[in-house]
Amino acid sequence: MTSIALFNNKGGVGKTTLAYHLAHMLSRLGHSVLAVDLDPQANLTSMCLDEGEIEELWSAPSELIDQGMAAATLPGTGRVHEGQTIADAVEPILHGTGDVAPVQPVALKSGLWLLPGSLDLSRFEDKLSNEWFKSFAGDVAAIRTTTAFHRIVEHAARSVAADVVLIDVGPNLGAINRSALIAADCVLMPLAADLFSLKGLSNLGPTLREWRQGWRSLVLPRVPAGISAPAATMAPLGYVIMQPEMRLDRPVKAYERWLERIPMVYSAAVLDGAPSPAPGGGDPYRIATLRNYRSLMPLAHDARKPMFDLKAADGALGSTQTYVQTCYREFRDLAESVLRRVDEVC
């Protein structure tokens, strides 16, 4: 099983859309895929499920989750309500009543599952922040907290025999993302060709190295037997350029200028001084460039399916259907490229 975190500490680059479509395409290619929503905004969950399904998932009162079990008996009903989100899973740790409560993923289709997120997950941020440095001293409770996401995802992946796990995280360098990223084998970065993405890269690389070094040198040697802990590999896979809303054959000069700078910044900041590609010598770290599919997104949202699965009955008529086919080819090529890069890097 390989876990891939999709991360950029700049928001608005299409990270969750990329995670959603990549998960569906990997499943289409015959892989067993678990999508994990570790963004407290729960955008991936809202893309995968309709409002009624989400309401049902979020309806278990969190205070009923007790004694390390992601299930509770609803007062006056005698009915057991299963806690079904990642926020439910960490509830016992948050309130000091037990360890993580495994959550059963939601089946989206054959070979594709979702570990749902919740806005309640944001309450775990302070707990993770407080316990991070305590884990350096070997505090067992702190280690259980900082490894919580790893163990929840590990259990869920085993329960569905997933061979690829895609982890969607929020656009920040906070404590939730730190614990999410140390649980990942690889990191795939969606980027826009602009100043903000380059600044994000320059911050991201040193931060990942700091987290990796601290975890491996100070925490892993102190993890007690019986607690599964991640290796904090976080191997950089490369990046995917998400194009702005413009024609592919007529990019603006500003776009080209930032695009040319990305390989050098990525090499220096993320790969820690790996040889930078020569100017004009190509872009060895770019896995794919995805065009803007803004015209397909409303149709896909209404149909509750990936853009590349849209049919005439969904409103994809005439030239739009040709665009859908182009979308399918691009995401298929992306998925295959990601798998090849995983074999090389992870």
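Before going into details, it helps to say that this report is about the structure given with it. It should be emphasised that the depicted structure is a prediction, and the values quoted were computed from it without experimental measurement.

**Comments concerning the nonpolar core**
Reasoning step 1: Counting residues in hydrophobic clusters, the biggest one holds 62 residues, and the most contacted among them are Phe-149 and Met-189.
Reasoning step 2: With near-sequence residues (within four places) excluded, Phe-149 lies in contact with Leu-38, Ile-86, Val-90, Leu-121, Phe-124, Leu-128, Ile-176, Ser-179 and Ala-180.
Reasoning step 3: Judged by nonpolar contacts, the second largest core, of 43 residues, contains Val-33, Ile-287, Met-307 and Val-324.

**Remarks on a negative patch on the surface**
Reasoning step 1: Where like charges cluster on the molecular surface, the negative patch consists of Asp-50, Glu-51, Glu-53, Glu-55 and Glu-56.
Reasoning step 2: Looking at the secondary structure, you find Glu-55 in helix H3 (residues 51–57).
Reasoning step 3: Its relative accessible area of 59% is what places Glu-55 among the exposed residues.

**So, the packing of aromatic side chains**
Reasoning step 1: Using the criterion set out here, one finds nine aromatic pairs in the structure.
Reasoning step 2: Note on Trp-132 and Phe-136: the rings are 5.4 Å apart at their centroids and 65° apart in plane angle, and the pair reads as edge-to-face. You can see Trp-132 and its partner Phe-136 sitting in helix H5 (residues 125–136), four residues apart, about one turn around the helix. Residues Trp-132 and Phe-136 agree in their burial class; the two are buried.

**Brief notes about the packing of H5 against helix H9 (residues 195–219)**
Reasoning step 1: Where H5 meets H9, the axes come as close as 8 Å, and the angle between the chain directions of the two elements is 45°. By the angle class used here, H5 and H9 are oblique. Judged by residue contacts, Trp-132, Ser-135 and Phe-136 of H5 engage Trp-211, Gly-214, Trp-215, Leu-218 and Val-219 from H9.
Reasoning step 2: Residue composition of the contact of H5 with H9, grouped by class: six nonpolar, two polar and no charged.

About the cut-offs
Residues numbered from 1 in each chain as written. Predicted model: local features only at pLDDT ≥ 70, side-chain atom pairs only at ≥ 80, totals over all residues. Heavy atoms only, no water. Core = buried A, V, L, I, M, F, W, Y, C linked by side-chain atoms within 4.5 Å. Buried < 20%, exposed > 50% of the residue type's maximum accessible area, 1.4 Å probe, protein only. Contact = heavy atoms within 4.5 Å. Patch = residues over 30% accessible without salt bridge, like charges linked within 9 Å, V, L, I, M, F, W, Y side chains within 5 Å. Areas by Shrake-Rupley, 256 points an atom, 1.4 Å probe, with all protein chains shown as cover. Salt bridge = Lys/Arg side-chain N within 4 Å of Asp/Glu carboxyl O. Lys, Arg positive; Asp, Glu negative; His and termini not counted. Charge placed at Lys NZ, Arg CZ, Asp CG, Glu CD. Helix = DSSP H or I, 4+ residues; strand = E, 2+ residues; numbered from the N terminus. Phe/Tyr/Trp six-rings, centres within 6.5 Å; stacked < 30°, edge-to-face > 60°. Axes fitted to C-alpha atoms, helices over the stretch in contact; angles between N-to-C directions. Parallel < 35°, antiparallel > 145°, perpendicular 65-115°, else oblique. Nonpolar A, V, L, I, M, F, W, Y, C, P; charged D, E, K, R; others polar.

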